[in-house]
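These are the residues of each chain, in order.
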Amino acid sequence: MTTRTLLRSGHVISMDPGIGDLPQGDVLVEDGRITAVEPEISADAEALDMSGRIVIPGFVDTHRHTWEAPIRGVAPDATLDDYFVDILDTFAPLYTPDDVYAGNLAGALECLNAGITTLVDWSHINNTPEHPDAAIQGLRESGIRAQYAYGSANTSLAEYWFESTIAIPADDVRRIRSTYFASDDGLLTMGLATRGPGFCVDEVVTAEWAMARELDLPITVHVAMGRLAGRFGMVKQLHGLGLLGPDTTYVHSCHLSGEEWQMVADSGGMISVAPQVELQMGHGWPPVMQALEYGLRPALSVDVVTTVPGDMFTQIRAAFGAERARVNADCWQANMPVPSTMLTVRQMLEAATVNGAHVAGLEDRTGSLTPGKRADVVAIDATAPNVAPVHDAVAAVTLCADVSNVDTVLVDGVIRKRDGRLLGDTARALRLVGESRDRLLAAKEAKKAKAPA
């Protein structure tokens, strides 16, 4: 039996050039798939009144360490160097599978609440073989669309992050691939979260890239975050190893050289930018405009809720403001006029939606309100005091709205949020993540007490 849902009379921003924006439009969903986007649709369907709502594709977060939800806000003033010590060397080794499950469940629900319908879960917390199973269970129960990116363990900062000779365990990656991701057609897909040159010796880098390609897994890697990592020339090293390719996402990329940007572009690589973290923790200027100048399609990500908010509105504004600040400052210093062609709010919404789907390898099924794609749809309340009155719907979403305005969320046609409230057992997820926080803090104090004076 066909299930039909009709989102009626909203201001539709489709992010599909062939459809454009409809100041008053309908979106028809049948069995989880978008079948029509038109000014008016007559259909026998459950109708959701979108009057006073701006209807957009769901946001796509292309890089989040979702497991960190139980330790939200523990490192508000951290630099990147602080993060490695305070989080990866202190909390991460204490994580049990139950902590990972709680973090991924609560973290994915946080995404849905904020209108993020697709997530790349950069899961570098695989301390035991039970950890990835727990992470995947949390994602699955949340109902989000996600790429689970299998990463390294975090049982030793020195062993895993400084010229590491330890590769991600191929046998366990194969187990996870065959157990949960025999098909790439599900709501959850799989990737490989690698550390890359500078963090691993060449033999490990080569082995991990080979494993990913053997198993047909997309690759995601942090590069050029901070001047030190920029001096590693990580993309140049990957080029020297013959490893660049269109299956790889380069996260941050704040200090890539011009030569490296061209290498990424020539190889068909992809870019994920985490603007708030990059500005706040000292990675560098968020390189959204640089990526665009090289013909790339940059996407956005949250990265770590230990230090920054977990919503896409923050990322959009951080990138937009930072780029304009950078250009304004450079022009002032050079006594030159500010160019008329600067980053636009439309480009930022593209980065948060359709570009994100491209980077996550899911553009065939999400990222725009296009007939034939899966129904990942978000409605923003445009009648709220911080949004109304609307002059420019794209500006309303990118510069005015916030999480409180996310009224309705559908993932794969299933309503996950309605009338501003998450559906399902959110209370349980919050209880579990609170219990995880308490356990981790207690374990941290116990570890500290045992440490030599």
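Everything below is about the structure shown above.
> How would you summarise the overall build of the protein if you had to cite specific residues and measurements?
From N to C terminus, the protein includes 16 helices and 17 strands. For 453 residues, the compact-globule estimate of 2.2 N^0.38 gives 22 Å, and the C-alpha radius of gyration of the protein, at 21 Å, lies within 12% of that figure. Overall size of the protein, expressed as C-alpha extent along the three principal axes, is 70 × 55 × 45 Å. Every one of the 453 residues in the protein was classed for burial, and the buried ones make up 58%. Taking the intrachain contacts of the protein between residues at least 6 apart in sequence as the baseline, contacts between residues at least 24 apart amount to 75%. Counting every atom, the protein has about 17,600 Å² of accessible surface; 52% of that belongs to carbon and sulfur. Across the protein, the mean location of the 36 positive side-chain charges is 3 Å away from that of the 59 negative side-chain charges.

> Before we move on, can you summarise the pattern of salt bridges with the specific residues and values?
Oppositely charged side chains are able to pair whenever their charged atoms sit close together. Evaluated as defined, the whole model comprises 28 salt bridges. The partner of R53 in a salt bridge is D407, with the nearest N and O atoms 3.5 Å apart. Placement of the pair is R53 in strand β5 (residues 53–57) and D407 in strand β15 (residues 406–411), with a sequence separation of 354 residues. We note that R53, like D407, is buried. Of the charged contacts in the structure, one is a salt bridge between R428 and E141, with a shortest N-O distance of 3.7 Å. With a gap of 287 residues between them, R428 in helix α16 (residues 426–450) and E141 in helix α3 (residues 130–142) connect regions that are remote in the sequence.

> Describe α3, and please don't skip the residues or the numbers.
Here α3 spans 19 Å end to end across 13 residues, near enough to the 18 Å set by a 1.5 Å rise per residue. Regarding α3, the residues found buried are H131, P132, D133, A134, A135, I136, G138, L139 and S142. Packing partners of the buried residues in α3 comprise α2 (97–113), β7 (116–123), β8 (145–150), α5 (170–180), β9 (188–194) and β16 (414–418). Backbone geometry just after α3 places G143 at a positive phi near 90°.

> Which residues make up the packing of aromatic side chains, and what are the values?
All chains considered together, the criterion is met by 8 aromatic pairs. Their ring planes at 80° and their centres at 6.3 Å tell us that Y83 and F84 sit as a pair that is edge-to-face. For Y83, a relative accessible area of 6% gives the class buried. Here the aromatic cluster, defined as three or more aromatic residues joined through ring pairs, consists of Y83, F84, F199 and F232.

> Could you give me a rundown of the packing of helix α12 (residues 312–333) against helix α15 (residues 393–400), with the residues and numbers involved?
Packing of α12 against α15 leaves a shortest axis separation of 8 Å and a crossing angle of 95°. Taken together, the axes of α12 and α15 lie roughly perpendicular to each other. Contact residues: F313, I316, R317 and F320 in α12; V397, T398, L399 and C400 in α15. Across the contact of α12 with α15, the residue classes break down as 6 nonpolar, 1 polar and 1 charged.

> Which residues make up the side chain of D376, and what are the values?
With respect to the secondary-structure elements, D376 resides in the loop between α14 (354–359) and β14 (377–381). The residues touching D376, leaving out its near neighbours within four places in the chain, are I56, P57, G58, T117, T118, R145, T366, L369, L410, V411 and D412.

> Can you explain a negative patch on the surface? Please cite residues and give values.
A grouping of D77, D81, D82 and D86 is seen on the molecular surface, where their side chains present a negatively charged patch. Looking at where D86 falls in the secondary structure, it is placed in helix α1 (residues 80–91). With relative accessibility at 35%, the residue D86 sits in the partly exposed group.

> Could you give an account of the packing of α1 against α16, with specific residues and numbers?
Contact pair α1 / α16: the axes reach a minimum separation of 11 Å and the direction vectors enclose 90°. When the axes of α1 and α16 are compared, the pair comes out roughly perpendicular. Between α1, through D89, T90 and F91, and α16, the contact on the second element is made entirely by L440, L441, K444 and K447. Tallied by class, residues from the contact of α1 with α16 come to 3 nonpolar, 1 polar and 3 charged.

What counts as what
Residues numbered from 1 in each chain as written. Predicted model: local features only at pLDDT ≥ 70, side-chain atom pairs only at ≥ 80, totals over all residues. Heavy atoms only, no water. Helix = DSSP H or I, 4+ residues; strand = E, 2+ residues; numbered from the N terminus. Rg over C-alpha atoms; globule rule 2.2 N^0.38 Å. Buried < 20%, exposed > 50% of the residue type's maximum accessible area, 1.4 Å probe, protein only. Contact = heavy atoms within 4.5 Å. Areas by Shrake-Rupley, 256 points an atom, 1.4 Å probe, with all protein chains shown as cover. Lys, Arg positive; Asp, Glu negative; His and termini not counted. Charge placed at Lys NZ, Arg CZ, Asp CG, Glu CD. Salt bridge = Lys/Arg side-chain N within 4 Å of Asp/Glu carboxyl O. Expected span 1.5 Å × (residues − 1). Phe/Tyr/Trp six-rings, centres within 6.5 Å; stacked < 30°, edge-to-face > 60°. Axes fitted to C-alpha atoms, helices over the stretch in contact; angles between N-to-C directions. Parallel < 35°, antiparallel > 145°, perpendicular 65-115°, else oblique. Nonpolar A, V, L, I, M, F, W, Y, C, P; charged D, E, K, R; others polar. Patch = residues over 30% accessible without salt bridge, like charges linked within 9 Å, V, L, I, M, F, W, Y side chains within 5 Å.

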